[in-house]
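# Structural overview for review
Letter by letter, the chains look like this.
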Amino acid sequence: MSVARASIETVTSSTLQAVVLAAGKGTRTKSTRAKVLLPVLGQPLVEHVLRALGPLGADPTTLVVGHQAQAVEAAFAGRGFTFVRQEPPLGTGHAIMAARPVFAAHPDRTLLVVNGDLALLRGETLVSLLGSHRRAATAATLLSAALADAGAYGRVVRGPAGRVARIVEAKDASPEERAIREFNVGVYAFAVPPLVDALGRLRARNAQSEYYLTDVVGLLVAAGHTVQAVALDDPSEGLGANTVAELSDATRRLRERRLRDLMAAGVLVEDPASTTVGLDTVVEADAVLRPFTLLEGRTVVRGGASVGPFVRIVDSEIGPGAQVLDHCFLRECVVEAEASVGPFAHLRPETRIGPGARVGNFVELKKTHLGAGSKAPHLSYLGDATIGPKVNVGAGTITCNYDGVDKHPTRIGAGAFIGSNSTLVAPITVGEGAYVAAGSAITEDVPPHALALGRARQVVKPGWAERRRQAQGKKTE
Ligand code: UD1
Ligand code: CA
């Protein structure tokens, strides 16, 4: 930004209130869902605006809702926001009028108005804008940015002395006005009394027959007030998302910004183009993110861990030095220090892989604790199981945890050895140090240090095959 950074303390507290415009139909997305709820990097579009606003502590923060009002209110309920309804949506000026009873009740508090579709807006920018507004003591301060072709954005028209005169919407602009590079981002700081006054004079005489909030600028200037524009250094921060293509462009830019920050903090991102890290995900320095890694929700990846390639992890924690190898999907689980998971493993909720433990290919775990140093290397399903340390779970072991009605637990004690292709019919306990013979169906508890065989004894009939071939030969003669 071209203004000095204001400290957050100077602009917060009860001197600030905010309105977020989130009532538009968003017809340009062609979606049946409200535009402000469409996902951008895993969060509803307007959530990004609310996060930028969050640290400012504006009181109150009002959301103007209209299109699918109930869904929008439900998505942001319980967070202390005030909701007002704008029905039908007749433009951004009409939207701010719907919030007038709320903000006019605090005429002494600066009003920050933010369009709900600014996915890339940063909190620091709002702090800066407000600092600039306070220092200049103008009736309004708006955020602008410059593009060689400002497309569908409203243009900032400046008078002969270079002062902001008005904003003209692209649809109403003359060819000369359309050539203006400086555009209106859709973020404004207002002194409340002159705004209330100007809103009384707002009309919908324009190409879209809408009440434009942007017309307030010209009305303020006509009433003798000063309006200043503060320009963004990086115009991409001011991009409003109107179409699905613009939403996905915003996702890409946010993703890249997030990865740049992580790399600056020492995370080794091998291929930023194919890596996604959610806004609530934590990745520590020295973690390695291999190509095609998706980290979502409240996932935490500790230092020295390596994830990927082709891995998706949701709401899980990966401990220091742990590895999640190729093609794994993990949700709501914990992989402790130095453990190894994959390739091709599926870890479902409430699973914990102990320190140094190993889960190999085509293994699915659900609500299971695999103890420290234990191994389940191949082709297993382990559900509702508590497995002690240093257990070997042989290839193809299955816990039969479900009887068609209820789920039952399996317990395997420390150091037990479960032979390949065993079936453990729960509820069942295999004691510490016990052995289960390969191919067993275990239906009764196995005491510690015992051997359990749960299969028919092998019968060998010497010469049987030869006799059979001879008998068949006779038949065909
Ligand atoms: C608006 C600005 C334009 C600016 C651009 C920046 C106006 C008239 N124009 O245009 O100058 O360059 O943003 O991105 O303000 N909304 C309502 N109620 C309505 C209409 C819209 O709450 O009746 C909300 C929308 O949900 C959206 C925001 O206001 O979050 C902006 O509306 P939108 O229709 O996207 O305005 P633009 O045409 O992009
Ligand atoms: Ca817009």
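The following refers to the structure shown. As the structure is a computational prediction, the values presented were derived from the model and not from experiment. (Residues numbered from 1 in each chain as written. Chains lettered and ligands numbered in written order. Predicted model: local features only at pLDDT ≥ 70, side-chain atom pairs only at ≥ 80, totals over all residues. Heavy atoms only, no water.)

Once that is clear, we can look at the environment of lysine 30. Relative to the elements of secondary structure, lysine 30 occurs in the loop between strand S1 (16–22) and strand S2 (39–40). Counting along the chain gives 213 residues from lysine 30 to threonine 243, while the straight-line C-alpha distance between them is 7.9 Å. (Helix = DSSP H or I, 4+ residues; strand = E, 2+ residues; numbered from the N terminus.)

Topologically, threonine 397 is positioned in the loop between strand S33 (392–393) and strand S34 (398–400). The exposure class assigned to threonine 397 is buried, which follows from its relative accessible area of 0%. (Buried < 20%, exposed > 50% of the residue type's maximum accessible area, 1.4 Å probe, protein only.)

Attention shifts here to the coordination of the calcium ion (ligand 2). Asp117 (OD) and Asn242 (OD1) make up the full set of protein donors to the calcium ion (ligand 2), lying at 2.2 to 2.4 Å. With aspartate 117 in the loop between strand S6 (110–115) and helix H5 (123–136) and asparagine 242 in the loop between strand S11 (227–231) and helix H9 (244–264), the pair connects residues that are 125 residues apart, well separated along the chain. Judged by its relative accessible area of 11%, aspartate 117 falls in the buried class. Here asparagine 242 falls in the buried class, since its relative accessible area comes to 16%. (Donors = N, O, S within 2.8 Å, 3.2 Å for Na, K, Ca; no water.)

The tally for this structure, following the rule as stated, stands at five aromatic pairs. When the centroid spacing of 5.7 Å and the interplanar angle of 20 degrees are considered together, the rings of tyrosine 188 and phenylalanine 190 count as stacked. When its relative accessible area of 3% is taken as the criterion, tyrosine 188 is described as buried. Between phenylalanine 417 and tyrosine 435 the ring centres are 5.2 Å apart and the planes differ by 20 degrees, which places this aromatic pair in the stacked class. Of the two residues, phenylalanine 417 is situated in strand S36 (residues 417–418) and tyrosine 435 in strand S39 (residues 435–436); the sequence distance between them amounts to 18 residues. When its relative accessible area of 34% is taken as the criterion, phenylalanine 417 is described as partly exposed. If you follow lysine 407 out to its NZ or CZ, it ends over the ring of tyrosine 402, 5.1 Å from the centre. (Phe/Tyr/Trp six-rings, centres within 6.5 Å; stacked < 30°, edge-to-face > 60°. Lys NZ or Arg CZ within 6 Å of the ring centre and 35° of its normal.)

What follows concerns the pairing of strand S22 (residues 328–331). Working note: regular strand, side chains alternate between the two faces of the sheet. Only one face of S22 is covered, namely the face carrying Cys328 and Leu330; the face carrying Phe329 and Arg331 is uncovered. Alignment of S22 against strand S25 (residues 345–347), held across two bridges, turns out to be parallel. Across the sheet, residue leucine 330 finds its bridge partner in S25, namely leucine 347. (Pairing = 2+ DSSP bridges.)

The subject of this paragraph is a nonpolar patch on the surface. Together, Phe417, Tyr435, Leu451 and Leu453 line one region of the surface with nonpolar side chains, adding up to about 420 Å² of accessible area. Of note, leucine 453 is situated in the loop between strand S41 (451–452) and helix H10 (464–476). With a relative accessible area of 54%, leucine 453 lands in the exposed category. (Patch = residues over 30% accessible without salt bridge, like charges linked within 9 Å, V, L, I, M, F, W, Y side chains within 5 Å. Areas by Shrake-Rupley, 256 points an atom, 1.4 Å probe, with all protein chains shown as cover. Salt bridge = Lys/Arg side-chain N within 4 Å of Asp/Glu carboxyl O.)

Glancing now at the nonpolar core. Of all hydrophobic cores here, the largest spans 49 residues; its most connected members are Leu53, Leu112 and Val187. Tallying contributions element by element places helix H1 (residues 45–53) first for this core, with six residues. Beyond its immediate sequence surroundings of up to four residues, valine 187 is in contact with Leu112, Val113, Val114, Leu118, Leu121, Leu126, Leu129, Thr141, Leu142 and Leu143. (Core = buried A, V, L, I, M, F, W, Y, C linked by side-chain atoms within 4.5 Å. Contact = heavy atoms within 4.5 Å.)

For the rest of this paragraph, the subject is the pattern of salt bridges. In the structure shown here, the tally under the stated rule is 23 salt bridges. Across the pair glutamate 364 and arginine 348 runs a salt bridge, and its minimum N-O distance is 2.6 Å. Of the two residues, glutamate 364 sits in strand S28 (residues 363–366) while arginine 348 sits in the loop between S25 and strand S26 (351–353), which places them 16 residues apart along the sequence. In this structure arginine 348 comes out as partly exposed when scored by relative accessible area, which is 27%. Salt bridges sharing common partners tie together Glu47, Arg51, Arg79 and Asp280.

Look at H9: 30 Å from first C-alpha to last across 21 residues, which is about the 30 Å you get at 1.5 Å a residue. Where H9 is concerned, the buried positions are Leu247, Ala250, Thr251, Leu254, Arg255, Arg257, Arg258, Leu259 and Leu262. As for H9, its buried residues are in contact with S2, H1, strand S12 (268–269), strand S13 (276–277) and strand S14 (282–283). Phi turns positive one or two residues past the end of H9, at glycine 266, with a value near 100 degrees. (Expected span 1.5 Å × (residues − 1).)

Take helix H7 (residues 192–199) next. Looking only at H7, the buried set comprises Val192, Pro194, Leu195, Ala198 and Leu199. Seen along its axis, H7 keeps its buried residues to an arc of 165 degrees; they face one direction. Contacts made by the buried residues of H7 are with S1, helix H3 (92–98), helix H4 (100–103), S6, strand S10 (182–190) and helix H8 (215–222). (Arc of directions from axis to C-beta.)

What follows concerns the sheet that holds S14. Sheet architecture is open: nine strands sit in the order S14-S17-S20-S23-S26-S29-S32-S35-S38, paired in parallel fashion. Lying at the two open borders of the sheet, with one neighbouring strand each, are S14 and strand S38 (428–430). Bridge count for strand S23 (residues 333–335) against S26 is three bridges, and the pairing is parallel. From the neighbouring strand, valine 334 faces S26, where its bridge partner is arginine 352.

Close contact between H7 and H8 brings their axes to 9 Å; oriented N to C, the two are set at 105 degrees. As the angle between them shows, H7 and H8 are arranged roughly perpendicular. Residues Pro194, Leu195, Ala198 and Leu199 of H7 pack against Val216, Leu219 and Leu220 of H8. Here the contact of H7 with H8 is composed, by residue class, of seven nonpolar, no polar and no charged. (Axes fitted to C-alpha atoms, helices over the stretch in contact; angles between N-to-C directions. Parallel < 35°, antiparallel > 145°, perpendicular 65-115°, else oblique. Nonpolar A, V, L, I, M, F, W, Y, C, P; charged D, E, K, R; others polar.)

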